[in-house]
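# Secondary and tertiary structure notes
The chain contents come next:
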Amino acid sequence: MSAKPAVFVTRKLPDAVHERLLRNYDARLNLADKLYSTAELLAGVKDCDALLPCPTDKINAETVAALPERVKIIATFSVGCDHIDVAACKARGIVVGNTPDVLTDATADIALLLMLAAARGAYNGERTVREARWGAWAPTGMLGRHMTGKRLGIYGMGRIGQAVARRARAFDMEIHYHNRARLSPDREQGARFHANAEAMLPHCDFLSLNAPATAETTGFLNAARIGMLPDGAVVVNTARGPLVDDEALIAALKSGKLAAAGLDVFTGEPDINPGYRTLDNAFLLPHLGSATTETRNAMGFKALDNLDAFFAGKPLPARVA
Ligand code: DGY
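## Considering the overall build of the protein chain
Regarding its fold elements, the protein chain presents 12 helices and 12 strands. Over its C-alpha atoms the protein chain spans a radius of gyration of 21 Å, differing by no more than 12% from the 20 Å that the globule rule assigns to 321 residues. On the principal axes, the C-alpha backbone points of the protein chain span a range of 75 × 50 × 35 Å. By residue count, 49% of the 321 residues in the protein chain fall in the buried class. For the protein chain, the proportion of contacts with a sequence separation of at least 24, taken over those separated by at least 6, is 61%. When the accessible surface of the protein chain is summed, it comes to about 15,200 Å², and 55% of that surface belongs to carbon and sulfur atoms. Across the protein chain, the mean location of the 37 positive side-chain charges is 2 Å away from that of the 35 negative side-chain charges.

## Digging into the domain arrangement of the protein chain
Under the domain assignment used here, the protein chain contains domain 1 (6-102 + 293-311) and domain 2 (104-284). One C-alpha centre belongs to domain 1, the other to domain 2, and the line joining them spans 31 Å. Residue-level contacts link 6 residues of domain 1 with 5 residues of domain 2. Carbon and sulfur atoms supply 44% of the area buried between domain 1 and domain 2, which totals about 510 Å² over both sides. On the domain 1 side of the contact with domain 2, Asp82, Asp101 and Thr295 bury the most area, a combined 65% of that side's loss. The interface formed by domain 1 and domain 2 holds 2 salt bridges in total. Residue Asp101 is joined to Arg159 by a salt bridge in which the shortest nitrogen-to-oxygen separation is 2.7 Å. Taken together, the links from domain 1 to domain 2 amount to 3 residue pairs in polar contact (both at pLDDT 80 or more).

## Regarding the pattern of salt bridges
Note that side chains of opposite charge can pair when their charged atoms are close. Applying the stated criterion across every chain yields a total of 21 salt bridges. Across the pair Lys302 and Asp101 runs a salt bridge whose closest N-O atoms are separated by 3.5 Å. With a gap of 201 residues between them, Lys302 in helix 12 (residues 293-311) and Asp101 in the loop between strand 5 (95-97) and helix 5 (104-119) connect regions that are remote in the sequence. By relative accessible area, which is 14% here, Lys302 ends up buried. Exposure remark for Asp101: the relative accessible area of 44% places this residue in the partly exposed category. Each of Arg20, Asp305 and Asp308 takes part in salt bridges that share partners, so that together they form one network.

Each value, and the rule that gives it
Residues numbered from 1 in each chain as written. Predicted model: local features only at pLDDT ≥ 70, side-chain atom pairs only at ≥ 80, totals over all residues. Heavy atoms only, no water. Helix = DSSP H or I, 4+ residues; strand = E, 2+ residues; numbered from the N terminus. Rg over C-alpha atoms; globule rule 2.2 N^0.38 Å. Buried < 20%, exposed > 50% of the residue type's maximum accessible area, 1.4 Å probe, protein only. Contact = heavy atoms within 4.5 Å. Areas by Shrake-Rupley, 256 points an atom, 1.4 Å probe, with all protein chains shown as cover. Lys, Arg positive; Asp, Glu negative; His and termini not counted. Charge placed at Lys NZ, Arg CZ, Asp CG, Glu CD. Domains from an automatic or database assignment. Buried area = accessible area lost by both parts, 1.4 Å probe. Salt bridge = Lys/Arg side-chain N within 4 Å of Asp/Glu carboxyl O. Polar contact = N/O pair within 3.5 Å; in protein donor to acceptor, adjacent residues only side chain to side chain.

The structure is reproduced here in structure tokens:
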């Protein structure tokens, strides 16, 4: 029997995923969940056939160039691939697989949580209770924005954007979207397509960012586009931090141009723009989109399905390069 392929795993993964890894591979695990530097990652992967990284690993062109010749596949534990220079991998003949589908529902759930929490002032309310500052119920106290029946604009109508739309329909929201390509009517489900995002923004009482981070989407929500939103709009981001110009968003939350924001992802996370921390109208989560046991297991299994297929000489279930 030939030796099992060696896989370097950069982060501690769920137990069930480790079990399968150890069963089928010569798995180099990171049980201490140490955050490896690039040098440590390269040292660890030295005599491996595959790399199983996470979004916390920055695999830029230089790192790709320094990978040992033996590494022929990167199976990332994520749907997002912005931490990997996919073009550099392609150029070196390294296959890249990701984990779409399995985190769609968990991420869409968090988008709805952010919408409600931001619109209804959940941060302020929660803090008021915990800090024993809760006075008498007041007819005009802690008034938020109504979500039911409002207009929701979705920037990026892929799997997660569509799952956000499905949930928003339960709140009788009117769905608008911008996407590179228009969806078929059965997927659109009556949502109104805008061929350019700028045409959609004036219709967004709520705006949900659901596009991947690419050169095209980076800095999308800047001061000019925030200016196109209705006054008092609510913005939520479960995609990637770099879609947002942080200074512009913070300024709009401070001025009252935007009523509130709900953010699960940030540029430079976990070292986010400190301006967010003091805003009462920002509801902030630490990149929890896919953070359920079921989803993280499924992500690990999908990464392993990619590895299994690769080493069996079959097409990857989810290949990006
Ligand atoms: C991903 O898989 O890209 C997510 O951001 C992780 O939650």
